[in-house]
Amino acid sequence: MSLEMLEKLEAKVQMAVDTISLLQMEIEELKEQNDSLSTEAQELRSGREALEQDNEKLRNDHQAWQDRVRNLLGKMDHVE
């Protein structure tokens, strides 16, 4: 092999090494971003579950109040 061919080969190898390094850094950044998004998604799921529980409790409370009002109205009808 000539010196010129070796220099070209060296340049190509260096470009490949540089590309691999950049891709590894990008992978690390994407892993960090994925971890962050996974944490955020879990927090959102927990928040949604809490809201669903609160909603269910409020619906039950609302139903209980409606039943009480109907009961009181029924008693008022009997009084009259």
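Residues numbered from 1 in each chain as written. Predicted model: local features only at pLDDT ≥ 70, side-chain atom pairs only at ≥ 80, totals over all residues. Heavy atoms only, no water.

- The name recorded for the protein chain in an unreviewed UniProt entry is Cell division protein ZapB, from Photobacterium chitinilyticum.
- Quoted straight from UniProt, the Subcellular location (unreviewed entry) entry for the protein chain says "Cytoplasm".
- Per UniProt, the protein chain carries the Sequence similarities (unreviewed entry) text "Belongs to the ZapB family." (UniProt positions renumbered as here; feature names shortened; annotations may be inferred.)

## Examining the overall build of the protein chain
No. 1: What the protein chain contains, in helices and strands, is 1 helix and 0 strands.
No. 2: Against the 2.2 N^0.38 benchmark of 12 Å for 80 residues, the protein chain shows a C-alpha radius of gyration of 34 Å, more extended than a compact globule.
No. 3: Once the C-alpha set of the protein chain is aligned to its principal axes, its extents read approximately 115 × 10 × 10 Å.
No. 4: Taking all 80 residues of the protein chain together, 0% fall into the buried category.
No. 5: For the protein chain, the computed accessible surface area is about 7,700 Å², with 58% contributed by carbon and sulfur atoms.
No. 6: Here the protein chain contributes 10 positive and 19 negative side-chain charges, whose respective centroids are spaced 10 Å apart. (Helix = DSSP H or I, 4+ residues; strand = E, 2+ residues; numbered from the N terminus. Rg over C-alpha atoms; globule rule 2.2 N^0.38 Å. Buried < 20%, exposed > 50% of the residue type's maximum accessible area, 1.4 Å probe, protein only. Areas by Shrake-Rupley, 256 points an atom, 1.4 Å probe, with all protein chains shown as cover. Lys, Arg positive; Asp, Glu negative; His and termini not counted. Charge placed at Lys NZ, Arg CZ, Asp CG, Glu CD.)

## Details of a nonpolar patch on the surface
No. 1: A cluster of nonpolar residues, Leu 3, Leu 6, Leu 9, Val 13 and Val 17, forms a patch on the protein surface that exposes about 440 Å² of accessible area.
No. 2: In this fold, Leu 6 is placed in helix α1 (residues 3-79). (Patch = residues over 30% accessible without salt bridge, like charges linked within 9 Å, V, L, I, M, F, W, Y side chains within 5 Å. Salt bridge = Lys/Arg side-chain N within 4 Å of Asp/Glu carboxyl O.)

## Side note on the environment of Leu 73
No. 1: Assignment of secondary structure puts Leu 73 in helix α1.
No. 2: Classification of Leu 73 by relative accessible area gives partly exposed; the value is 47%.
No. 3: Along the backbone, Leu 73 and Leu 37 are 36 residues apart, and their C-alpha atoms lie at a distance of 53 Å.

## Description of the pattern of salt bridges
No. 1: Under the defined criterion, the tally for this structure stands at 5 salt bridges.
No. 2: The salt bridge partner of Arg 48 is Glu 52, with a shortest N-O separation of 3.5 Å. Taken together, the positions of Arg 48 and Glu 52, both in helix α1 and 4 residues apart, correspond to about one turn of that helix.
No. 3: On the basis of relative accessible area, Arg 48 is assigned to the partly exposed category, the value being 44%.

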